[in-house]
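Survey of secondary and tertiary structure
What follows is each chain in one-letter form.
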Amino acid sequence: MSASFSWDEPEGLAARGTLIVLAGRGEHGGVCERFGRRLAFDAYRVRALGDPTDDPSVLDEAAKLLADESLPGPKVLVGSDTGARHAAHLAAERVPGLDALILVGLPTTPWNKGSWEEEVAARTACPTHQGRLTNDPDFRRGALAVTPDLPELRLDLVRVPVLALHGKDDEVSPVEEALNAYAGHPGIHAVTFNNGRHDVLNDALHRTSAATVVLFLERLRLSPELPAIAEDQA
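Here the structure is a predicted model, which means the values were calculated and not measured. Chains are numbered independently. Their residues run from 1 in the order of the written sequence. Under the rules for a predicted model, residues below a pLDDT of 70 receive no local features and side-chain atom pairs below 80 are neither given nor counted, while totals for whole chains, interfaces and linings still include all residues. With hydrogens and water set aside, each side-chain value is computed from the structure's full complement of heavy atoms.

Section: the overall build of the protein chain
In DSSP terms, a helix is any run of H or I states spanning at least four residues, a strand is any run of E spanning at least two, and both are numbered starting from the N terminus. Along its length, the protein chain carries seven helices and seven strands. Its helices and strands in sequence order give the protein chain the pattern β-β-α-β-α-β-α-β-α-α-β-α-β-α, from N to C terminus. At 16 Å, the protein chain has a C-alpha radius of gyration in line with the 17 Å of a compact globule built from 234 residues. Taken along its principal axes, the extent of the C-alpha atoms in the protein chain is 45 × 40 × 35 Å. To sort residues, take the accessible area from a 1.4 Å probe on protein chains only and compare it with the maximum for the residue type: under 20% means buried, over 50% means exposed, and anything in between is partly exposed. Taking all 234 residues of the protein chain together, 52% fall into the buried category. The contacts in the protein chain between residues at least 6 apart in sequence include a share of 77% that link residues at least 24 apart. Using the Shrake-Rupley algorithm and a 1.4 Å probe, accessible areas are obtained, with residue cover drawn only from the displayed protein chains. Split by element, the accessible area of the protein chain, about 10700 Å² in all, is 49% carbon and sulfur. For the protein chain, the separation between the mean place of its 23 positive charges and that of its 35 negative charges on side chains is 2 Å. As defined in this context, the radius of gyration uses C-alpha atoms, and a globule is described by 2.2 Å times the residue total to the power 0.38. We call two residues in contact whenever any of their non-hydrogen atoms come within 4.5 Å of each other. His is not counted here, nor are the chain ends, while Lys and Arg score as positive and Asp and Glu score as negative. Note on charges: their place is set at NZ of Lys, CZ of Arg, CG of Asp or CD of Glu.

Observations regarding the packing of helix H1 (residues 33–41) against helix H7 (residues 206–222)
Whenever a helix is involved, its axis is fitted only over the stretch in contact; in every case the axis is a line through C-alpha atoms, and angles between N-to-C directions fall within 0 to 180 degrees. Direction vectors running N to C along H1 and H7 enclose 45 degrees, while the axes themselves pass 11 Å from each other. As summarised for this structure, H1 and H7 are arranged oblique, according to the angle between their axes. The hand of the H1/H7 crossing is right-handed. Along its contact with H1, which presents Arg34, Phe35, Arg38 and Leu39, the element H7 presents His206, Arg207, Ala210, Val213, Val214 and Leu217. Here the residues of the contact of H1 with H7 are counted per class, giving six nonpolar, one polar and three charged. Working rule for angles: under 35 degrees goes down as roughly parallel, over 145 as roughly antiparallel, 65 to 115 as roughly perpendicular, anything else as oblique. Whether a crossing is left-handed or right-handed is set by the direction in which the near helix is turned from the far one by less than a right angle, anticlockwise for left-handed and clockwise for right-handed. Each residue is assigned to one class: nonpolar for Ala, Val, Leu, Ile, Met, Phe, Trp, Tyr, Cys and Pro, charged for Asp, Glu, Lys and Arg, and polar for all the others, Gly among them.

Considering the nonpolar core
Grouped burial of nonpolar side chains is what soluble globular proteins tend to show. Counting 29 residues, the largest nonpolar core has Leu19, Leu39, Ile102, Leu165 and Val213 as its most contacted members. Among the elements that take part in this core, H7 stands out by supplying six residues, more than any other. Ignoring sequence-local partners within four residues, the contact set of leucine 165 consists of Ile102, Leu103, Val104, Gly105, Val191, Phe193, Val200, Leu201, Thr212 and Val213. The next biggest cluster of nonpolar side chains, apart from the first, holds 28 residues, and it includes Leu66, Ala84, Ala91 and Val160. As used here, the term nonpolar core means buried Ala, Val, Leu, Ile, Met, Phe, Trp, Tyr and Cys residues forming a set that is joined through side-chain atoms within 4.5 Å.

Some thoughts on the state of the cysteines
Disulfides are defined as pairs of cysteine sulfur atoms found within 2.5 Å of each other. Counted under the stated rule, the structure contains zero disulfides. Here cysteine 32 is not disulfide-linked; the sulfur of cysteine 126 is the nearest cysteine sulfur, at 14 Å. The exposure class of cysteine 32 is buried, given its relative accessible area of 8%. Look at cysteine 126 and you get buried, because its relative accessible area is 5%.

A few points about unusual backbone geometry
Residue proline 74 follows glycine 73 across a cis peptide bond; omega there is 0 degrees. With respect to the helices, strands and loops of the structure, proline 74 is situated in the loop between helix H2 (57–67) and strand E4 (75–80). We note that arginine 94 has phi near 60 degrees; this positive angle belongs to a residue other than glycine. Looking at the secondary structure, you find arginine 94 in the loop between helix H3 (82–92) and strand E5 (100–104). One non-glycine residue, asparagine 195, lies in positive phi territory at about 65 degrees. With respect to the helices, strands and loops of the structure, asparagine 195 is situated in the loop between strand E7 (188–193) and H7.

Considering the pattern of salt bridges
A carboxyl oxygen of Asp or Glu within 4 Å of a side-chain nitrogen of Lys or Arg is what we treat as a salt bridge. Evaluated as defined, the whole model comprises 10 salt bridges. Of the charged contacts, one joins aspartate 8 and arginine 47 as a salt bridge, the two residues approaching to 2.7 Å between their closest N and O atoms. In this pair, aspartate 8 is assigned in the loop between strand E1 (5–7) and strand E2 (18–22) and arginine 47 in strand E3 (residues 45–49), connecting sequence segments 39 residues apart. For arginine 47, a relative accessible area of 12% corresponds to the buried category. The network of salt bridges with shared partners includes Glu27, Glu119 and Arg123.

Some remarks on the environment of lysine 113
Looking at where lysine 113 falls in the secondary structure, it is placed in the loop between E5 and helix H4 (116–123). Overall, lysine 113 belongs to the partly exposed group, its relative accessible area being 39%. For the pair lysine 113 and leucine 101, spaced 12 residues apart in the sequence, the C-alpha separation amounts to 29 Å. In this structure, lysine 113 is in contact with Glu118, Ala145 and Glu171, ignoring residues within four places of it in sequence.

Here is the structure:
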């Protein structure tokens, strides 16, 4: 079983919910450390798991975390890359305990570039995260060019709110194809990021994507209908 990583709310604060992250191709839970620390600072607990395409037991672990009554709700599955496909599948299967989905860089078509320079540039424009991936002995280079068997995308069976995040400059999963996959599903709120690449949680605009996630979570805490909290009157 792949290792899991945890980040908790600061001492003295009540936890506001739990995020369970499914990593994408080549990744492990520790890759989302920056995202985990930032969300934990806002009092959300984060449990980051590995790549389900490499280790299917990750899906069992995610289901156990969703059923763990010691973890505060709302409970949200966050899937990045192929992890997004697996997260959507768990939601379509009505896994107990799930309150919402966050899908990041949903893969749509194979990506066939080969060199490491091309892969790391396609993943993120953030030099700090590029350096982390380059020097991470547990990160599997070349995995992005492999197209694994993935569960069918049945968003019509998903009955929880969905936040979809996608970079407009995503070469791995072109934004137009991702938006087409989301089209016609009223429970999905899609947000695209100018100049964003495949992993918008770890891209140059990672602060903006984290803020978008927090706003979604705060609305979710009020109601599954996601009522507005702040409105621009200009």
